[in-house]
Amino acid sequence: MLVVFPNQITLLKQETNTQKVKFPTLLYELELKATEEVIKMQEEIGVDILVHGEMERGDMATYFAENLEGFTISGLVRSYGNRYYKKPIVIGKIKRTKPITVDMFKFAQSLTKKPVKGMLTGPYTIADWSFNEYYDNKRDLVLDLAEVINQEALDLEKAGALFVQIDEPAVPTHPEEIHIAKEAFQVSTRGLRSFIITHICYGDFRPIWKEIINFPVHQFDLEFTNNADKLYPLIESVGFPPDKYIAVGVIDVHTHRIESVDEIKQRIREALKHFRPEQVFIDPDCGLKTRTWEEAKAKMENMVKAVNEIREELIKQGYPSEITIKLEL
Amino acid sequence: MIITVVDHYPKIPNPPREPKLRKAIHAYDQGKITKEELEKIFDEVTKEVIEEQISAGVELITDGQIRWEDGQSYIAKKLDGIEIGGLFRYFDNNTYYRQPIIKDEIRWREPIILNDWKKAQEWAGNIPVKAVLTGPYTLARLSRDEYYKDLEKLTKAYAKALIEEVKLLEENKVKYLQFNEPSIQYYPEDFDLLLEIYKEIRKYFSGKLATYTYFHTVLPLKDRIKDLPIDIFGIDFVSRKENFEILKDFPKNMALGYGIVDARNTKLETPDQIAQLIKQALNYIEDENLYINPSAGLEYLPRERAYEKLVNLAKGVNLVRGEKK
């Protein structure tokens, strides 16, 4: 499984955005073409649960803001180094006027028999990564966004998504607001019947672990490569729900270096000391957007090789080669 | 009252103005322009942001930290014993810094901000420019320590290295020197360590010495701030409203860096709102002990909005000044 593939056409998109898009059809065609390539690449590598690659998205929060009522988009702010993004500004009550992610999901799913994940950014993160000039308090803003994400998730399910992932990387940054994030997550997932995943990265989970692990999700997708020294001690001391699934990040997405198969197997073995094999999904730590396609492909190939070798070992030890997932939460 | 800023200023403007620094860094990374050409752009942009601050009405400015990628790596790159590592989130912001990795004994190698300060002061003319560094405690907290393996030792090693820079700044007659120490708010139990290093730094600097905090609560430090041998203590009153509780007990032996304009949200404060907040502080704090500034560095905002915020900040201060006359 993987989260986001490198976005080959980002540059083109940024330029067209600033110069008042003259050829939206051309851009859209390029996005579709890139999505086809991402799906094909994942199938060739041997990934089991695919992503569509988010070729149509610039920034994970801004993309949703651009498609919702109540937002405008700011000028450029720097995120790090020489990288800038346009941060959303909330200027009115937030409403969804049309499905945002459904068409691209349907297109991606039509290209493959393997399941493609429906990918959403969580309400807390969209709120936290936006300027707010309208709502008096953050909870109201987050909860309005939660309704929007819930509508979107339900539409993705109707369109056939078996897996819905709601990313919430901003949640660990304000431990004092964990109750807002949790309430919003409950709203976002209301009435869903699919396999629900949340991906949270770049965070210190220590103050919120007890709360987070009770979020209504089937699977947590966490960065076990960059954050192993913090995550494993937490799992040892506070625990992890035995009935939930874990996606273990085994690829560092911020280095050019291609991890060897042995190195990745080592990381998987470490995970298997803490989780039962049938609980474990394997993926990169985070989206692969900052890598080149060549790097991403090489990293993913080694990851899949490592998984297959460990699978063989486990099957020899008598583990079943298939698992059944129960979806009630 | 003095109108000031905390540290950084947005590096690039929005259309129709040209993002020349972004383009220049990109061209330099691709080998299309030389180091000298890039340095020239850094200087040009620094001049621009100095002019912008002055034209907004700021009375104690910075160089905008235009050359800094982030508060840690710009310093760490000029010290021996440190390598630059991966990207980490900077506190609760959607902004990232490169983590210093401590591989060997930390040693001062070359001037870090002296030349930046000298140029900026020359361009600013008679408007004072403050020299700003990230403090040793915060540098230590945001580093990965593979050498000292001890926070106290690492903090003191950073302090020792930065004191070499402090000596140079003193020699060059810097009047205002600020250290940013946001990390101390998250670990108030380390306050004794903070105290110890600032007692040491104080020995080498005779001008106005400031420690600034931001993003978090200072209430756990409330009774300890007065012990710091510094002249100005900066607090963010936007991120945490409870920080207003400190006003009535704020130490009489130092000035307050009063961070009341939201550096992390585009919503524009009106001059009236700012004037009200200043009057609230004047109930407890002497006029000459107030530095009025945004809640943090301004790079979290688009450039044009950062400027508008400073304009309104200055207008707010001037409203209060007018009433006092």
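Below is a short write-up of the structure. Every chain begins its residue count from 1, and numbering advances along the sequence as written. As they are written, the chains are lettered A onward and the ligands numbered 1 onward, keeping that order. Local features in a predicted model are, by the rule used here, given only for residues with pLDDT of at least 70; side-chain atom pairs are given and counted only at 80 or more, and totals for whole chains, interfaces and linings are based on all residues. Hydrogens and water are ignored here; the side-chain numbers use all heavy atoms of the structure.

**With respect to the overall build of chain B**
Phase 1 of the analysis: Numbered from the N terminus, helices here are DSSP runs of H or I no shorter than four residues, and strands are runs of E no shorter than two. Along its length, chain B carries nine helices and 10 strands.
Phase 2 of the analysis: It is over C-alpha atoms that the radius of gyration is taken, and the globule rule equals 2.2 Å times the number of residues to the power 0.38. What you see for chain B is a C-alpha radius of gyration of 19 Å, in line with the 20 Å of a compact globule of 325 residues.
Phase 3 of the analysis: Projected onto its principal axes, the C-alpha positions of chain B cover 55 × 50 × 35 Å.
Phase 4 of the analysis: For every residue, the accessible area obtained with a 1.4 Å probe (protein chains only) is divided by the maximum for its type, and the residue is called buried under 20%, exposed over 50%, and partly exposed between those limits. The proportion of buried residues among the 325 residues of chain B is 59%.
Phase 5 of the analysis: Note on definitions: a residue-residue contact is assigned when non-hydrogen atoms from the two residues lie within 4.5 Å. Considering only intrachain contacts with a sequence separation of at least 6, the fraction spanning at least 24 residues in chain B is 73%.
Phase 6 of the analysis: The accessible surface values rely on the Shrake-Rupley method and a 1.4 Å probe; as for residues, cover is taken only from the protein chains in view. When the accessible surface of chain B is totalled, it reaches about 13,100 Å², and 49% of it is carbon and sulfur.
Phase 7 of the analysis: Under the counting rule used here, the positive set is Lys and Arg, the negative set is Asp and Glu, and His together with the chain ends is not counted. For charged residues, the charge sits on one atom: NZ in Lys, CZ in Arg, CG in Asp, CD in Glu. With 50 positive and 54 negative side-chain charges, chain B shows a separation of 1 Å between the mean positions of the two kinds.

**Some points on the interface of chain B and chain A**
Phase 1 of the analysis: Each partner contributes to the interface: chain B provides 26 residues, whereas chain A provides 25 residues.
Phase 2 of the analysis: Buried area: the accessible surface (1.4 Å probe) lost by two parts on joining, summed over both. Buried surface at the junction of chain B and chain A, summed over both partners, amounts to about 2,500 Å²; 49% is from carbon and sulfur atoms.
Phase 3 of the analysis: When residues of chain B are sorted by the area they lose upon contact with chain A, B:Arg22, B:Arg89 and B:Asn94 head the list and together hold 25% of the total.
Phase 4 of the analysis: By definition, a salt bridge exists where a carboxyl oxygen of Asp or Glu is found within 4 Å of a side-chain nitrogen of Lys or Arg. The interface formed by chain B and chain A includes three salt bridges.
Phase 5 of the analysis: Throughout this description, a polar contact denotes any pair of N or O atoms lying within 3.5 Å of each other; where both atoms belong to protein, one of them has to be capable of donating a hydrogen while the other can accept it, and for residues adjacent in sequence the pair is counted only when both atoms sit in side chains. Between the two partners, chain B and chain A, sit nine residue pairs in polar contact (both at pLDDT 80 or more).
Phase 6 of the analysis: For the side of chain B that touches chain A, the elements supplying multiple residues, two or more each, are helix H1 (20–29), strand E2 (79–89) and strand E3 (96–108) of chain B.
Phase 7 of the analysis: Considering each element in turn, the side of chain B that touches chain A owes the most residues, three residues, to H1(B).
Phase 8 of the analysis: Partitioned by chemical class, the residues of the side of chain B that touches chain A number nine nonpolar, six polar and 11 charged. The residue classification treats Ala, Val, Leu, Ile, Met, Phe, Trp, Tyr, Cys and Pro as nonpolar and Asp, Glu, Lys and Arg as charged. All others, Gly included, are polar.

**Some details on the sheet that holds strand E2 (residues 83–95) of chain A**
The pairing of strands in a sheet happens through backbone hydrogen bonds and is either parallel or antiparallel.
All names here are of chain A.
Phase 1 of the analysis: When DSSP finds two or more bridges between two strands, those strands count as paired. Strand order in the open sheet made by the three strands is E1-E2-E4, with mixed pairing throughout. Each edge of the open sheet is held by one strand with a lone partner, namely strand E1 (69–80) and strand E4 (131–132).
Phase 2 of the analysis: The sheet contact formed by E2 and E4 spans two bridges and is parallel. Paired with Ile 89 across the strands is Phe 131, a residue of E4.
Phase 3 of the analysis: Orientation is described by lines fitted to C-alpha atoms, with helices fitted over the stretch in contact, and by angles between N-to-C directions that extend from 0 to 180 degrees. Across the sheet, helix H6 (residues 138–158) touches E1, E2 and E4, and the angle it forms with E2 is around 90°.

**Examining the packing of aromatic side chains**
All names here are of chain A.
Phase 1 of the analysis: Pairing of aromatic rings covers Phe, Tyr and Trp, the last through its six-membered ring, and needs centres within 6.5 Å; plane angles under 30 degrees mean stacked, over 60 mean edge-to-face, and all others mean tilted. Throughout the structure, instances matching the rule amount to 28 aromatic pairs over all chains.
Phase 2 of the analysis: For the ring pair Tyr 134 and Tyr 135, a centre distance of 5.0 Å and an interplane angle of 85° mean the geometry is edge-to-face.
Phase 3 of the analysis: Given a relative accessible area of 39%, Tyr 134 falls into the partly exposed group.
Phase 4 of the analysis: For Tyr 135, a relative accessible area of 10% gives the class buried.
Phase 5 of the analysis: Judged by centre distance (5.8 Å) and plane angle (35°), the rings of Phe 195 and Phe 281 are tilted. With Phe 195 in strand E6 (residues 195–200) and Phe 281 in strand E9 (residues 280–283), the pair connects residues that are 86 residues apart, well separated along the chain.

**Overview of H1(B)**
Residues and elements named next belong to chain B.
Phase 1 of the analysis: Buried within H1 are the following residues: Leu 21, Ala 24, Ile 25 and Ala 27. Angular distribution of buried residues about the axis of H1 spans 160°; they occupy a single face of the element.
Phase 2 of the analysis: Of the residues flanking the end of H1, it is Gly 31, one or two places downstream, whose phi is positive at about 75°. Directions pointing from the helix axis toward each C-beta atom define the arc.

**Topic: the pairing of strand E4 (residues 131–134) of chain B**
Residue and element names in this part refer to chain B.
Phase 1 of the analysis: Side chains of E4 alternate between two faces, with Ala 131 and Leu 133 and Val 132 and Thr 134 buried alike.
Phase 2 of the analysis: As paired strands, E4 and strand E6 (residues 176–180) are joined by four bridges and run parallel to one another. From the neighbouring strand, Leu 133 faces E6, where its bridge partner is Phe 179.

**A word on the pattern of salt bridges**
Phase 1 of the analysis: In total, this model carries 65 salt bridges over all chains according to the counting rule given.
Phase 2 of the analysis: The partner of A:Arg291 in a salt bridge is A:Glu295, with the nearest N and O atoms 2.8 Å apart.
Phase 3 of the analysis: By relative accessible area, A:Glu295 is classed as buried at 13%.
Phase 4 of the analysis: With its nearest N and O atoms 3.1 Å apart, the salt bridge here joins B:Glu52 to B:Arg17. Of this pair, B:Glu52 sits in helix H2 (residues 35–56) while B:Arg17 is found in the loop between strand E1 (2–3) and H1, placing the two residues 35 residues apart along the sequence.
Phase 5 of the analysis: You can call B:Glu52 buried: its relative accessible area is 12%.
Phase 6 of the analysis: We classify B:Arg17 as partly exposed; its relative accessible area is 39%.
Phase 7 of the analysis: Salt bridges linked by common partners bring B:Arg17, B:Lys20, B:Lys40, B:Glu44, B:Glu48, B:Glu52, B:Arg303 and B:Glu304 together as one network.

**Things to note about the environment of B:Lys173**
Phase 1 of the analysis: Secondary-structure assignment places B:Lys173 in the loop between helix H6 (151–171) and E6.
Phase 2 of the analysis: Taking the C-alpha atoms as reference points, B:Lys173 and B:Ser206, separated by 33 residues in sequence, lie 9.2 Å from one another.

**Description of the sheet that holds E6(B)**
Residues and elements named next belong to chain B.
Phase 1 of the analysis: Taken in spatial order, the seven strands of this open sheet run E1-E10-E9-E8-E7-E6-E4, and their pairing is parallel. The outermost strands of the open sheet, each flanked by one partner alone, are E1 and E4.
Phase 2 of the analysis: Across the sheet, helix H8 (residues 271–282) lies against strand E9 (255–261) and strand E10 (290–294), angled at about 155° from E9, the strand it touches most.

**Digging into the environment of B:Leu60**
All names here are of chain B.
Phase 1 of the analysis: Examined against the element boundaries, Leu 60 turns out to sit in the loop between H2 and helix H3 (73–76).
Phase 2 of the analysis: Distance in space between the C-alpha atoms of Leu 60 and Lys 252 is 22 Å, their sequence separation being 192 residues.
Phase 3 of the analysis: Look past the residues within four positions of Leu 60 in its chain and what remains in contact with it is Ile 2, Ile 3, Thr 4, Val 5, Pro 128, Val 129, Lys 130, Tyr 176 and Tyr 291.

**With respect to the pairing of strand E8 (residues 245–249) of chain A**
All names here are of chain A.
Phase 1 of the analysis: Buried residues dominate E8, accounting for five of its five residues.
Phase 2 of the analysis: Here E8 shows a buried face lined by Tyr 245, Ala 247 and Gly 249 and a second buried face lined by Ile 246 and Val 248.
Phase 3 of the analysis: Pairing between strand E7 (residues 219–222) and E8: four bridges, direction parallel. Residue pairing in the sheet places Phe 220 in a bridge with Ile 246 of E8.
Phase 4 of the analysis: Crossover handedness is defined by viewing with both strands directed away from the observer: a clockwise path from the first strand over the helix to the second marks the crossover as right-handed. Between E7 and its parallel partner E8, the chain crosses via helix H9 (residues 228–237), and the hand of that crossover is right-handed.
Phase 5 of the analysis: Sheet topology places E8 next to E9; four bridges connect them, and they run parallel. The residue of E9 that forms the bridge with Gly 249 is Asp 283.
Phase 6 of the analysis: Handedness of the β-α-β unit built from E8, helix H10 (residues 261–274) and E9 comes out right-handed.

**Here we look at the side chain of A:Glu259**
Phase 1 of the analysis: Secondary-structure assignment places A:Glu259 in the loop between E8 and H10.
Phase 2 of the analysis: Here A:Glu259 is in contact with A:Val250, A:Ile251, A:Asp252, A:Ile264, A:Arg267, A:Lys299 and A:Asn302, once residues within four sequence places are set aside.

**Thoughts on helix H7 (residues 191–202) of chain B**
Residue and element names in this part refer to chain B.
Phase 1 of the analysis: Multiplying 1.5 Å by the residue count of a helix minus one yields the expected span of that helix. Taking 1.5 Å of rise per residue, 12 residues should cover 16 Å, and H7 covers 16 Å from first to last C-alpha, within 8% of that figure.
Phase 2 of the analysis: Every buried residue of H7 is accounted for by Phe 191, Leu 193, Leu 194, Leu 195, Ile 197, Tyr 198 and Ile 201.
Phase 3 of the analysis: Against helix H5 (136–141), H6, E6 and strand E7 (208–212) lie the buried residues of H7.

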